[in-house]
Amino acid sequence: MAQKPHSLLGKFLLWRAKNIPQDRFVLILSIIVGLIAGLVAVVLKNTTHFIQELIHSGYLNQYFNVYYFLFPIVGVALTLLVKRWIRVPVGEGIPSALFAISRRSGFIKPHKMFASIITSVFTVGFGGSVGLEGPTVSTGSAIGSNLGRLMHLNYRQRILMIGCATAGAIASIFNAPIAAIIFTIEIFSLDLTLVSLVPLLLASVSGAVTSIFIQGNDSLFQYASLDPFRVEDLPWYGLLGVFTALVSVYFNKVYFFFDDYFTKISSKWKKLILGGIALGLSIWLIPPLYGEGFETINALLNGDVLSVVKESFLFQKYEGPYVIMILLLGLVFVKILAAVFTMGAGGVGGIFAPSLFVGSALGFVFAFIIVEFGIGDINTTNFALVGMAGLMAGVLHAPLTAIFMIAEITSGYNLFIPLMAVSTISYLVTRNLMPFSIYNMQLAKRGELITHNKDHAILTLLSLKKVIEDDFKKVSPEMNLGELVKVVSRSRRNLFPVIDADDALVGVLTLDDFRGIMFESERYEETFVSELMSPPPAIIESEENMNEVMKKFQSTGAWNLPVVENGKYIGFVSKSKLFSVYRRKLMEFG
């Protein structure tokens, strides 16, 4: 007879199992996760702004040159000290959640519930040119994952809790609950079914309500007015879609180039010096790059271009529209550099806010140039908002998120047609040049990316090491037929790996290879395994992903393939075992 659980949690789980159906319990958890994620977003945002206000106050504001150059470096240095204190790695928010889904069965380490929040406060609070959305999603996802683990949820439900946390966080930050759900589905490749949609709806609403309850119904982006959509402006929107796509490709290329560069530097303090100086110079030359940049976005949306450029020494020395254009283009092309330098130096943040920043600057300068040169008469606010959608669609590969987020931010559908046009063009062009988004490029290179392709997703979730069978009897090439027959008598398999003295695989031997002579005792001493063995049809490396493994099975038609690690034999993968595990994972995934 099973013992009754004595712990409080055990008693609760037993009571819950008897009184609350599992699907209803998941709905309750989704609300809790959404509330927590919304609260995390509010706390992180307000704490960061509190630090920024402390820094802005007093006599420091009079010395903006030193202020803009020095304080971002101080913030990154404090971030490194916090990392050293907590003694755990702090990865990027959304990519780390994607990795947990694809390779850790939805389990996120507990330290991620607080690590990103603490470090990003110092990075962004002191002026690091990154966003808080990534750390917020990372923290919320970790809370959702660990709550699911605590409540003994299965894999599919744990993934759903991660999605609920993401939806709650995004809804809380932008007050855009519909866009938050779409973002979660697009980025995390969740299936759009009632089983997943209802919890996401509850979590998103919970996150948005939490934000509204604590800090009111103020929108993150504020602007005076929008012009209604005119059909004659459609060619300009189409051209903007192409430009946002090209800048999105630039965004991705620059990000991964400098990410690889800083990854090769082993010393954290050398990264701080190189990245910090580059970051400080970037912000000193173009002060609006300081921090997340939402104040700059709002200034551009209201056409207040002078407040954006006035603090730059370039504008103070050389006034005029051409200097304004140069500084605005600097916002477009240097913002991504500032973001990469921030993270390369050791800071913690996300690229969601930088993509919005670059998009608004690109849309504004695009319209500003057209109006300034008398080419056309278009509204800069309209194009700044639509430019934000274009960059989101291109950089994040999330066109639907881009459309609905800007539509919700504008509280109407006046720009719905241009939003759809620009987002679609940007996404299609970028997708053709960059097959993967900035979030999933590294996972895609390793074949660990979850996609909406169900077959590919399930193969990604499978672990090669869990399907390796190592109960095959090994034989050596020097073994004679008599010794081989003795091995066969003790084996339950009809396949034998041929291994040399260094444990390296030199061939394979099947029972069919010597069945005809195994009872000819006169050949026992004169026939050797080296004469009977044959090379395997293919060899699987232990680090290969399951998609590559399946391709080898399909191309060879083999039923068993050997697995090696650093040239040494470790076992076989059988097609029957693979199909059995695949079927179980398919049932779990669906």
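See above for the structure.
Undergrad: Sorry if this is basic, but what is going on with the environment of Ser355 here?
TA: Note that Ser355 resides in helix 16 (residues 352–372). Looking at Ser355, the relative accessible area reads 0%, which means it is buried. Taking the C-alpha atoms as reference points, Ser355 and Val130, separated by 225 residues in sequence, lie 9.6 Å from one another. In this structure Ser355 touches Phe251, Leu391, Met392 and Val395, once residues within four positions along its chain are discounted.

Undergrad: What's the story with helix 25 (residues 546–556) in this structure? I'm lost.
TA: Structural remark: α-helix, 3.6 residues per turn; residues separated by three or four positions point the same way. When helix 25 is considered as a whole, its buried residues turn out to be Met546, Asn547, Val549, Met550 and Phe553. Looking straight down helix 25, one finds that the buried residues subtend no more than 160 degrees of arc, so they occupy a single side. When the buried face of helix 25 is taken as reference, the exposed residues oriented beyond 90 degrees from it are Lys551 and Ser555. One or two steps after helix 25, the chain reaches Gly557, where phi turns positive at roughly 70 degrees.

Undergrad: What's the story with the packing of aromatic side chains in this structure? I'm lost.
TA: Each aromatic ring pair is characterised by the separation of its centres together with the angle its planes make. All chains considered together, the criterion is met by 18 aromatic pairs. Note on Trp236 and Phe366: the rings are 6.5 Å apart at their centroids and 70 degrees apart in plane angle, and the pair reads as edge-to-face. On the criterion of sequence distance, the pair formed by Trp236 in helix 10 (residues 234–263) and Phe366 in helix 16 is long-range, its members being 130 residues apart. An angle of 80 degrees between the planes, with centres 5.4 Å apart, marks the rings of Tyr261 and Phe262 as edge-to-face. With a relative accessible area of 5%, Phe262 lands in the buried category.

Undergrad: Please explain the sheet that holds strand 6 (residues 568–574) as it appears in this structure.
TA: Sheet strands associate in pairs through backbone hydrogen bonding, adopting either a parallel or an antiparallel arrangement. Pairing is mixed in the open sheet, where four strands are placed in the order 1-6-5-4. Across the chains shown, the open sheet's two edge strands, defined by having one partner strand only, are strand 1 (468–469) and strand 4 (540–541). As defined by bridge partners, strand 1 adjoins strand 6 across two bridges and the pair is classed as antiparallel. Each residue of the ladder has a partner; that of Ile468, found in strand 6, is Val573. Sitting on the sheet, helix 25 is in contact with strand 4, strand 5 (560–565) and strand 6, with an inclination near 140 degrees to strand 5.

What counts, and at which threshold
- Residues numbered from 1 in each chain as written.
- Predicted model: local features only at pLDDT ≥ 70, side-chain atom pairs only at ≥ 80, totals over all residues.
- Heavy atoms only, no water.
- Helix = DSSP H or I, 4+ residues; strand = E, 2+ residues; numbered from the N terminus.
- Buried < 20%, exposed > 50% of the residue type's maximum accessible area, 1.4 Å probe, protein only.
- Contact = heavy atoms within 4.5 Å.
- Arc of directions from axis to C-beta.
- Phe/Tyr/Trp six-rings, centres within 6.5 Å; stacked < 30°, edge-to-face > 60°.
- Pairing = 2+ DSSP bridges.
- Axes fitted to C-alpha atoms, helices over the stretch in contact; angles between N-to-C directions.

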